[in-house]
Structures are given as structure tokens and as C-alpha cells.
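# Structural characterization, general
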Amino acid sequence: MGTLKINNLSKTYSNGVKALDNVSLELENGMFGLLGPNGAGKSTLMRTLATLQEADSGSATLDDIDILNQPAELRKVLGYLPQEFGVYPRITAEQLLTHIAILKGISNTSERKELVNYLLNKVNLYDKRNKSVKGFSGGMKQRVGIAQALIGNPKLIIVDEPTAGLDPGERNRFYNLLADVGKEVIVILSTHIVDDVRELCTKMAIMNFGEIVYHGSPSDAIGELNSKVYQKMVDRSELEQYANDYKIISNKMVGGKPLIHIYSDEHPENGFERVTPNLEDVFFSKINTNSVLV
Ligand SMILES: Nc1ncnc2c1ncn2[C@@H]1O[C@H](COP(=O)(O)OP(=O)(O)OP(=O)(O)O)[C@@H](O)[C@H]1O
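Remember, predicted model here, so these are calculated numbers, not experimental data.

Conventions used here
Residues numbered from 1 in each chain as written. Predicted model: local features only at pLDDT ≥ 70, side-chain atom pairs only at ≥ 80, totals over all residues. Domains from an automatic or database assignment. Contact = placed C-beta atoms within 7 Å. Helix = DSSP H or I, 4+ residues; strand = E, 2+ residues; numbered from the N terminus. Nonpolar A, V, L, I, M, F, W, Y, C, P; charged D, E, K, R; others polar. Axes fitted to C-alpha atoms, helices over the stretch in contact; angles between N-to-C directions. Parallel < 35°, antiparallel > 145°, perpendicular 65-115°, else oblique. Left-handed = near helix turned anticlockwise from the far one by under 90°. Near = placed C-beta within 6 Å. pLDDT = per-residue confidence, 0-100. Pairing = 2+ DSSP bridges. Buried ≥ 20, exposed ≤ 12 C-beta atoms within 10 Å, placed from the backbone. Arc of directions from axis to C-beta.

This brings us to the domain arrangement of the protein. In terms of domains, the protein is made up of domain 1 (3–216) and domain 2 (223–287). Here the C-alpha centroids of domain 1 and domain 2 sit 34 Å apart. Facing 9 residues of domain 1, the contacting portion of domain 2 comprises 5 residues. Looking at the side of domain 1 that touches domain 2, the elements with two or more residues in it are α7 (194–200), β9 (203–208) and β10 (211–216). It is α7 that provides the largest number of residues to the side of domain 1 that touches domain 2, a total of 3 residues. Residues that form the side of domain 1 that touches domain 2 fall into these classes: 7 nonpolar, 1 polar and 1 charged.

Here it is, written out as C-alpha cells:
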């Protein structure tokens, strides 16, 4: 069982943006969801853990590896699928994986061939192994991305916003693959898509403006909102008034009209109905910005 400990990591970019503000987390094997809006600092945290950039202060360890001071050690046990996985255009899936396996130091030809076949089967692309990766769909490319991240038996796998741009079928196939992988290692799934976390993760954190604003299980977070979320269909012109009178946690267009969710300790009058809270309510109530009105 691996343990990743992140202690008080901070990072301010030269333009003054504080992308990490005293971030502390502890993770064990399984799928961990890191949820946050655009610009929250997720990629900065993922890239720091992947030893691609440095923090200003704080520490991080994976079992006995000091990540910030032993980057070479960490890279040996890391699988990383970056936000933009640049695939080599005109080579086949098999060639690509073989190439990366060589780069990762698997020099024995028959061992490498066996591994590449195993990975192609695992990500369900064995039949497509001789096809050019360039012609793959977004979902197939992401599965190649996971296959390459698995080379070298990683203890920690980081996937940064992997489902953006996938259609529902591809997204489901990708979820199944990740869930399978996540049984044996620590997987951090960084995403702004609430469904990714709801489907896959037993533990999660929500990040906003560089800070961890929630850390725990999705179900506990939802439990905290029980009997406190109410919804109502309103007119667009009334939104500002509702925002003054209630704590709006989300605003979604349904059939062209805003459907608002509010947080309230008591049942408000005037047509609000109580709803079973969901992870989206958790997300919006934790990051709570006025952007719901824009
Ligand atoms: N190299 C950089 N120089 C200056 N500012 C940066 C740099 N990289 C990121 N930032 C800023 O730091 C903040 C956090 O960015 P980061 O990419 O870590 O967030 P994120 O949660 O991954 O967002 P996204 O979902 O958009 O990728 C943002 O305000 C971003 O503009």
C-alpha cells in the first residue's frame, strides 16, 4: 500500500499569482479526485508532483521518496498523462508504446514485446495496434495515454483532465479503464468535471484559488448538504434579486430558463422545493463564487 503525503506546498508565479497556497493532502491506493474550476491550481499541483516544476516551499513524499529532492527516484515510479499528451503523428499504437518502453529503459526485446501486447489488450486497442495513432478518436488517444503511463509498474499515476472532449461512450470506456487501474496504485485524477469524480473516486479534494477547500469522501460531502438544498425555476430578470435574498449555489439553464439551487438551513417560502443534494451542489457550494450569475 503506497502513501502520498503533501505538506504545505506553496507556489507563487512571477506574475504574482498564488497557484498553491499551503496545500496539504494525504492519499493512499485508489482513485483520488482533485476537482476545481479552471485556474484553481490543479495543473500546478500535478506538475509539481510529477517533478516537472518546483514549489517555493513545502514538501511531498511518496513512501520513502522525497519528491521535491529526489525527482529521478520519483520518475521511476510515476505514470503521467499530461493535459496535452502530444502523440507522435504517423506511427502505430504498437510502435508508440514500444518507443516509450525503450525510453523508460525496458531494453529486453521479448520482455518489451510482451509488455506492449499486455498493455494494448488492457486498454482494448490490441485490434488497432497496427493503425496510426494520428487517426485515433480522442478516447482512443487517451487510452494510449493510459497505456504509456502504465509502463514501468508505476506506484503513482497522475492524469490531468483526461476526459475533456470525449463523447459519452468514450468517457465511459475511459472510466472503466481508470477504475481498473486504480485498484492497485495511487491514481490522482485532476478534473473540472464533477461527473468524473462522482463516477470514479472514493476520496476527493476540491481546490479553489490555490487552496484545498474540501478533503474527504464525496458521500460525506453530499451528506453535509442533506436537507439544505432547494431548487426553483426563475426568470432571468429575477436572478439578481434571488442572489440578494438567498445563497445561490448553482444556476443552470433548463429549457431556456434558469434553474437555481440555493443553500438554506430552513425551507424557504415562495415555491422552492427541496432536492436531494448531489456532488455538483457540493462543488458549487465549496467554491461559491458569484460567477453563477454570469
Ligand atoms: N507559468 C505560469 N506563469 C504564470 N501564471 C501561471 C502559470 N501557470 C499557471 N499560472 C496561473 O496559475 C493559476 C493556476 O493555474 P493552473 O493551470 O495550475 O490551474 P488549473 O486548476 O489546472 O486550471 P485549468 O483547469 O485551467 O488547467 C492560474 O491563475 C494560472 O493563470
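What follows deals with the packing of helix α3 (residues 93–103) against helix α4 (residues 109–122). Relative orientation of the contacting elements α3 and α4 amounts to 125°, with a least axis distance of 10 Å. Classified by the interaxial angle, the pair formed by α3 and α4 is oblique. Every pair of crossing elements has a handedness; the one defined by α3 and α4 is right-handed. Across the interface between the two elements, Ala 93, Glu 94, Leu 97, Thr 98 and Ala 101 of α3 pack against Arg 112, Leu 115, Val 116, Leu 119 and Leu 120 of α4.

So, on to the site of the ligand. By nearness alone, 13 residues border the ligand, and Tyr 13, Asn 38, Lys 42, Ser 43 and Thr 44 come closest of all. Among the elements that take part in the shell around the ligand, helix α1 (residues 42–49) stands out by supplying 3 residues, more than any other. Within the shell around the ligand, the residues separate by chemical class into 4 nonpolar, 8 polar and 1 charged.

As a further point, take the confidence of the model for the protein. Scored by pLDDT, the protein comes out at a mean of 90, with 96% of its residues at no less than 70. As scored by the predictor, the complex reaches a pTM of 0.88 and an ipTM of 0.96.

Pairing in this open sheet of 4 strands is antiparallel, and the strands run β2-β1-β4-β5 from one edge to the other. Looking at which strands have only one partner, the edges of the open sheet turn out to be β2 (18–28) and β5 (65–66). The strands touched by α1 are β1 (3–12), β2 and β4 (57–62); relative to β2, the strand with the most contacts, the crossing angle is about 60°.

Buried within α3 we find Ala 93, Glu 94, Leu 97 and Ala 101. Buried residues in α3, looked at end-on, bunch into an arc of 100°, giving them a common side. Residues of α3 that are buried sit in contact with α4 and α5 (138–150). Immediately downstream of α3, the backbone of Gly 105 shows phi near 90°, a positive value.

Moving on to the sheet that holds strand β13 (residues 257–263). Read across the sheet, 4 strands follow the order β12-β13-β11-β14 without closing on themselves; strand pairing throughout is antiparallel. Where the open sheet ends on each side, the last strands, each with one partner, are β12 (247–254) and β14 (273–274). Sheet strands touched by helix α10 (residues 279–287): β11 (229–233), β12 and β13. Its angle to β12, the strand with the most contacts, is close to 130°.

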